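Below, each chain spelled out in residue letters.
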Amino acid sequence: MNSPFLLENKNIIVTGASSGIGQQVAILCSKLGAKVALIGRNKERLEETYSKLEGEGHVSFSYDLTDLEHQKDMVYRIVSQMGAIDGLVNCAGISTILPLKLMSPEMVEEFFKTNVFATIELTRQVLGVKNVNKLGASIIFFASVMGCVGENAKSLYSLTKGALISGTRSLAIEYAPKKIRVNVISPGVVETPINKNLPYLADPDRRKVTEALHPLGIGTTEDIANACVFLLSDASRWITGQNLIVDGGYTIK
């Protein structure tokens, strides 16, 4: 019996694939039978991710997605090598803790260009007529619980993530006639190679506070990757326009 949770014969693009959640999503997709196109800025770490993939037919691109002008060419190369796209996971993004008084217009522009503009443009290119599977596809944006609830000095980050949550709903309606599903995942605190050395996880006392805010404890990259593959798989074929909050209970307190 074929399981609807598998990704066999699917071509999946994963951005931010050089580390953390993006890396784990790419690895799990390959284990479930997908061919994966990796996109990330760090070439060495991207090669490390590639070496951990299972199966054959994967491709890798060291690319800065804020270079909007050449995204079209990159997507063309991916489709030429892999075939029509069945799924896109937009993991790439940046974060900060910054009070309003220290913000500048340049910072706001940088965050929106990375977290919103680059993501939307890549999605637009992938959904081109000749690029996406005619039978349908799954698009996943990455937001955050900070796009749903407030926290001190997180307004800049929250602005960008809230934009993705709102945009998801309208895009889901726009592309539903083509059987293209658009959803967003909002993680809570997840331990990754990057943030595990930050004070709220590295300092024992502050870590206890962070853990207490998450009834099920701090998340892992596997927790988020599992949610991703569900939304990429046929098991979620009747789900679109949703914000899937994966936060260990953070937002219910």
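Cut-offs and rules
- Residues numbered from 1 in each chain as written.
- Predicted model: local features only at pLDDT ≥ 70, side-chain atom pairs only at ≥ 80, totals over all residues.
- Heavy atoms only, no water.
- Helix = DSSP H or I, 4+ residues; strand = E, 2+ residues; numbered from the N terminus.
- Buried < 20%, exposed > 50% of the residue type's maximum accessible area, 1.4 Å probe, protein only.
- Contact = heavy atoms within 4.5 Å.
- Lys, Arg positive; Asp, Glu negative; His and termini not counted.
- Charge placed at Lys NZ, Arg CZ, Asp CG, Glu CD.
- Pairing = 2+ DSSP bridges.
- Axes fitted to C-alpha atoms, helices over the stretch in contact; angles between N-to-C directions.
- Salt bridge = Lys/Arg side-chain N within 4 Å of Asp/Glu carboxyl O.
- Phe/Tyr/Trp six-rings, centres within 6.5 Å; stacked < 30°, edge-to-face > 60°.
- Right-handed = clockwise from strand over helix to strand, strands pointing away.
- Core = buried A, V, L, I, M, F, W, Y, C linked by side-chain atoms within 4.5 Å.
- Parallel < 35°, antiparallel > 145°, perpendicular 65-115°, else oblique.
- Left-handed = near helix turned anticlockwise from the far one by under 90°.

In terms of helices and strands, the protein chain carries eight helices and nine strands. Along the longest, intermediate and shortest principal axes, the C-alpha atoms of the protein chain span 50 × 45 × 40 Å. Taking all 253 residues of the protein chain together, the buried fraction comes to 48%. Across the protein chain, every contact between residues at least 6 apart in sequence was considered, and the portion connecting residues at least 24 apart equals 70%. Counting 26 positive and 25 negative side-chain charges, the protein chain places the centres of these two groups 5 Å from one another.

Before going further, it helps to spend a moment on the sheet that holds strand E2 (residues 35-40). Reading across from one edge, E3-E2-E1-E4-E5-E6-E9 is the order of the seven strands in this open sheet, with parallel pairing throughout. Edge strands, defined here as strands with exactly one partner in the open sheet, are strand E3 (59-62) and strand E9 (243-246). Adjacent strand axes in the sheet meet at a mean angle of 15 degrees when their direction is disregarded. Summarising the sheet, strand E1 (residues 11-15) and E2 pair through five bridges and their orientation is parallel. Bridge pairing in E2 links Asn-11 to Lys-35. Running over the sheet, helix H2 (residues 43-51) touches E2 and E3 and is turned about 165 degrees from E3. Those strands touched by helix H5 (residues 155-175) are strand E5 (137-142), strand E6 (180-187) and E9, and its axis lies near 160 degrees from that of E6.

Within this structure, the stated rule accounts for five salt bridges. One salt bridge in this structure joins Glu-48 and Lys-52, with 3.3 Å as the shortest N-O distance. Arg-207 is paired through a salt bridge with Glu-191; the nearest N and O atoms lie 2.9 Å apart. Of this pair, Arg-207 sits in helix H7 (residues 204-212) while Glu-191 sits in strand E7 (residues 190-191); the two residues are 16 residues apart in sequence, bridging distant segments of the chain. Note on Glu-191: relative accessible area 30%, which makes it partly exposed.

Per the stated rule, a full pass over the model turns up two aromatic pairs. On the numbers, 6.2 Å between centres and 40 degrees between planes, the contact of Phe-112 with Phe-117 is tilted. You can call Phe-112 buried: its relative accessible area is 19%.

Before going further, it helps to examine the pairing of E3. A regular strand places its side chains so that they alternate between the two faces of the sheet. Going residue by residue along E3, you find Val-59 and Phe-61 tucked away on one face and Ser-60 and Ser-62 left uncovered on the opposite face. As a crossover connection, the stretch from E2 through H2 into E3 is right-handed.

Core analysis: the biggest nonpolar cluster contains 31 residues, and Ile-13, Met-74 and Ile-78 have the highest contact counts within it. Contributions of two or more residues to this core are made by E2, E3, helix H3 (71-82), helix H4 (105-126), E5, H5 and E6. Residues within four places of Ile-13 in sequence aside, it is in contact with Ala-37, Ile-39, Ile-78, Ile-85, Gly-87, Leu-88, Val-89 and Val-126. With 28 residues, the next largest nonpolar core counts Val-25, Cys-29, Ala-227 and Val-229 among its residues.

Notably, Asn-9 is not glycine yet its phi reads approximately 65 degrees, a positive angle. The class of Asn-9 is exposed, set by a relative accessible area of 74%.

Packing of H3 against H4 brings their axes to within 9 Å, and their N-to-C directions diverge by 45 degrees. Taken together, H3 and H4 sit at an angle that is classed as oblique. Our pair here, H3 against H4, has a crossing hand that is right-handed. Where H3 abuts H4, its residues Gln-71, Lys-72, Met-74 and Val-75 lie against Ala-118, Glu-121, Leu-122, Gln-125 and Val-126.

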